[in-house]
Amino acid sequence: QVQLVESGGGLVQPGGSLRLSCGASGSIGSIYVMAWYRQAPDNERELVASITSLGRTNYADSVKGRFTISRDNAKNTIYLQMNSLKPEDTAVYYCKWERMFTTMNSWGKGTLVTVSS
């Protein structure tokens, strides 16, 4: 079982920046994907960015050039640096771990990001 804890959400003005963190504990394995998803009110949960254990990254078109996903293997932590934030980025951001080539996955409880003036 893998446990995930997100942090770093909050209120920020349009154009501002935030950095989210997701710490993983448990048996995360050596071949996995970790990702950030978000869910705005009345919307489905959507993928924001992902990073594999080999370092390959993937981004939603809506955040390319503004968000950067990274990881610290020593700390079993991933980050999401969010720049040039827009009101439409407002959502609960969730961290997900998934062991590749299996159905094993875990979700964090989420952290709220609000972009508003």
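Below or above, wherever it landed, is the structure these notes cover. (Residues numbered from 1 in each chain as written. Predicted model: local features only at pLDDT ≥ 70, side-chain atom pairs only at ≥ 80, totals over all residues. Heavy atoms only, no water.)

### Here's the deal with the sheet that holds strand β7 (residues 67-72)
At step 1: What the four strands build is an open sheet, ordered β1-β3-β8-β7; its pairing is antiparallel. Of all the strands in the sheet, just β1 (2-7) and β7 have a single pairing partner and so form its edges. In this sheet, adjacent strand axes meet at a mean angle of 15° when their direction is disregarded.
At step 2: Across six bridges, β1 lies against strand β3 (residues 18-26) in antiparallel orientation. Opposite V2, over in β3, you have G26 as the bridge partner. (Pairing = 2+ DSSP bridges. Helix = DSSP H or I, 4+ residues; strand = E, 2+ residues; numbered from the N terminus. Axes fitted to C-alpha atoms, helices over the stretch in contact; angles between N-to-C directions.)

### Focus on the nonpolar core
At step 1: Ranked by size, the top nonpolar core spans 29 residues in total, and within it M34, W36, L80, M82 and Y93 carry the most contacts.
At step 2: Setting aside its immediate chain neighbours within four residues, L80 contacts L18, R19, L20, W36, V48, A49, F67, T68, I69 and Y93. (Core = buried A, V, L, I, M, F, W, Y, C linked by side-chain atoms within 4.5 Å. Buried < 20%, exposed > 50% of the residue type's maximum accessible area, 1.4 Å probe, protein only. Contact = heavy atoms within 4.5 Å.)

### Regarding the pairing of strand β11 (residues 111-115)
At step 1: Here β11 shows a buried face lined by T111, V113 and V115 and an unburied face lined by L112 and T114.
At step 2: Where strand β2 (residues 10-12) meets β11, three bridges bridge the pair, whose relative direction is parallel. In the sheet register, V12 faces β11, and the bridge partner there is V115.
At step 3: In the sheet, strand β9 (residues 91-99) pairs with β11 via three bridges, with the strands oriented antiparallel. Following the sheet pairing, V92 is matched in β11 by L112.

### Side note on the state of the cysteines
At step 1: According to the stated counting rule, one finds one disulfide in the structure shown.
At step 2: Residue pairing for C22: its cysteine sulfur links by disulfide to C95, the two sulfurs lying 2.0 Å apart. Between C22 and C95, the S-S dihedral sits near -80°, and the bridge is therefore left-handed. With C22 in strand β3 and C95 in strand β9, this pair connects stretches of sequence that are 73 residues apart. The two residues C22 and C95 agree in class, both being buried. (Disulfide = S-S within 2.5 Å.)

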